[in-house]
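Analysis of the macromolecular model
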Amino acid sequence: MTPSGVVFRVVLIALASALCVYAFVTFFDARQVMHLISASDGKSVLAGALVTVVTINLRAMRIGYCVDGRLRSPLVFMAYLYNALSALLPARLGDVALPFLLRQQARTPLGSGFGLLILLRVLDLLTLVALGALAVVVSECSTNRSICLLASLILVGSCAALLACVVGAPALLRFVQRHDASRSKLWRIAVQLVSPMAQIGRARLVKLMLMSFAIWLSLFASFAMLARSIMTDVALSQVGAAGAAASLAFAIPFSAIANVGSFEAAWVWVMSTFGHPASVALAAALLAHGVIFLVSMAFGVFGYAMMMRVGRQ
């Protein structure tokens, strides 16, 4: 990244942090938010943290399976570190770490590493949209038919896109083989980016999709437990809709440290449409985000320590 790019990122992070503080002080009852978090049900918080452990390990297993086809891959410790960097670094800077970590740990070319990152993000996006649309259908089917119909169409579209990824893999492989020796630099870059999905095979791609559904269902389960430690009257379908919106907003490269901001804003907006008080919704969002962040950091430190230990041997 160029010096001007670094300065631009720093300015965006500072602006996002300032906006978060301003919104928190201006639009919410800060004292009530902090009281709700401190008075949250400890058993539900612990259960949510334990489910988060499952989510992180599923993510780590998926990266290993995506790279070398093994669930018990030596890349699991690298995946812990990558997950922690994604949770810590603002403006989606953590995502950029994956190709470089793969090059260091698995000698994967940078182009292929970015291709693997794109593949994982496409699977996450389509899976998240499908589950979020399903949650909206369940929560709105009896009250708002137009929104229910729109969500149903989105659900069908995202499932169709996942199916297209599987069906189109052979055609993509033929494209890669046809242009692999191209003299054009742009063609070579494109081939490197799409080659992971093209060469991974249908059976493995289907398993990666199933793992993606398991990851997001696990994450939504932790959202539900952590949210219900504060919002005792919230429905599971509402948590699913809010969690999907917050996770989609999490991908926006405009946030403070630890990606605070867009996640909470989307969560509060969705919960407010369901009639929940904004301050209560914000408390639940901050608690969910905070617990997931802390668990991710713990596994990230452990993963880094294990990588250093293996490197010294």
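Refer to the structure above for everything that follows.
If you're wondering where the values come from, they're calculated on a predicted model, not measured in any experiment.

1. Some words on the overall build of the protein
Along the protein, the regular secondary structure elements total 13 helices and zero strands. Evaluated residue by residue, the protein yields a buried proportion of 47% over its 313 residues. The contacts in the protein between residues at least 6 apart in sequence include a share of 73% that link residues at least 24 apart.

2. Observations concerning the pattern of salt bridges
Summed over the entire model, instances satisfying the criterion amount to five salt bridges. For the salt bridge of Asp124 with Arg121, the shortest nitrogen-to-oxygen distance reads 2.9 Å. Pair noted here: Asp124 and Arg121 are both in helix H6 (residues 110-140), with a separation of three residues, about one helical turn. Each of Arg59, Arg62, Asp95, Arg121 and Asp124 takes part in a single network of salt bridges with overlapping partners.

3. Overview of the packing of aromatic side chains
Counted under the stated rule, the structure contains 10 aromatic pairs. Look at Phe77 and Tyr80: their rings are 6.3 Å apart centre to centre, the planes differ by 65 degrees, and that puts the pair in the edge-to-face class. One end of the pair is Phe77 and the other is Tyr80, both in helix H4 (residues 76-88) and three residues apart, which spans about a single turn. Residue Phe77 is classed as partly exposed on the basis of its relative accessible area, which comes to 21%. Ring geometry for Phe223 versus Phe263: centroids 5.8 Å apart, planes at 55 degrees, classification tilted. A residue pair is termed long-range when its members are at least 10 positions apart, and Phe223 in helix H10 (residues 202-228) and Phe263 in helix H12 (residues 262-273) qualify at 40 residues. The burial state of Phe223 is the same as that of Phe263; both residues are buried. Through a chain of ring-to-ring contacts, three or more aromatic side chains come together here, namely Trp216, Phe220, Phe223, Phe263 and Trp267. Of note, Arg59 hangs over the ring of Trp216, and the distance from its end group to the ring centre comes to 5.3 Å. Of note, Arg204 hangs over the ring of Tyr65, and the distance from its end group to the ring centre comes to 5.8 Å.

4. Some words on the side chain of Thr55
Along the chain, Thr55 turns up in helix H3 (residues 42-68). A relative accessible area of 3% places Thr55 in the buried class. A distance of 2.5 Å separates a polar atom in the side chain of Thr55 from a polar atom in the side chain of Ser218. Those residues within four positions of Thr55 in sequence are excluded, and the remaining contacts are Ile215, Ser218 and Leu219.

5. With respect to a nonpolar patch on the surface
Together, Val96, Phe100 and Phe114 make up an exposed nonpolar region whose accessible area comes to about 230 Å². Its location among the elements puts Phe114 in helix H6.

6. Details of the packing of H3 against H10
Two numbers describe how H3 lies on H10: the axes approach to 8 Å, and their chain directions differ by 165 degrees. By the angle between their axes, H3 is roughly antiparallel relative to H10. At the point where H3 passes H10, the crossing takes the left-handed sense. Among the residues forming the contact of H3 with H10, the class breakdown is 18 nonpolar, seven polar and five charged.

7. Considering unusual backbone geometry
In this model, Arg107 sits at a positive phi of 55 degrees, which is unusual for a non-glycine residue. On the secondary structure map, Arg107 appears in the loop between helix H5 (97-106) and H6.

8. So, the layout of surface pockets
Size it by volume and the second largest pocket reaches roughly 440 Å³. Secondary-structure elements contributing two or more residues to the lining of the second largest pocket are H6, helix H7 (145-167), helix H11 (236-250) and H12. Top element by residues in the lining of the second largest pocket is H6. It accounts for six residues. In the lining of the second largest pocket, the residues fall into 15 nonpolar, two polar and one charged.

Calculation notes
Residues numbered from 1 in each chain as written. Predicted model: local features only at pLDDT ≥ 70, side-chain atom pairs only at ≥ 80, totals over all residues. Heavy atoms only, no water. Helix = DSSP H or I, 4+ residues; strand = E, 2+ residues; numbered from the N terminus. Buried < 20%, exposed > 50% of the residue type's maximum accessible area, 1.4 Å probe, protein only. Contact = heavy atoms within 4.5 Å. Salt bridge = Lys/Arg side-chain N within 4 Å of Asp/Glu carboxyl O. Phe/Tyr/Trp six-rings, centres within 6.5 Å; stacked < 30°, edge-to-face > 60°. Lys NZ or Arg CZ within 6 Å of the ring centre and 35° of its normal. Polar contact = N/O pair within 3.5 Å; in protein donor to acceptor, adjacent residues only side chain to side chain. Patch = residues over 30% accessible without salt bridge, like charges linked within 9 Å, V, L, I, M, F, W, Y side chains within 5 Å. Areas by Shrake-Rupley, 256 points an atom, 1.4 Å probe, with all protein chains shown as cover. Axes fitted to C-alpha atoms, helices over the stretch in contact; angles between N-to-C directions. Parallel < 35°, antiparallel > 145°, perpendicular 65-115°, else oblique. Left-handed = near helix turned anticlockwise from the far one by under 90°. Nonpolar A, V, L, I, M, F, W, Y, C, P; charged D, E, K, R; others polar. 1 Å grid on protein atoms, 1.4 Å probe; cavity = no way out; pocket = protein on both sides within 12 Å on 5 of 7 lines; lining within 4 Å. Points joined across faces, edges and corners; volume = space filled by probe spheres on them.

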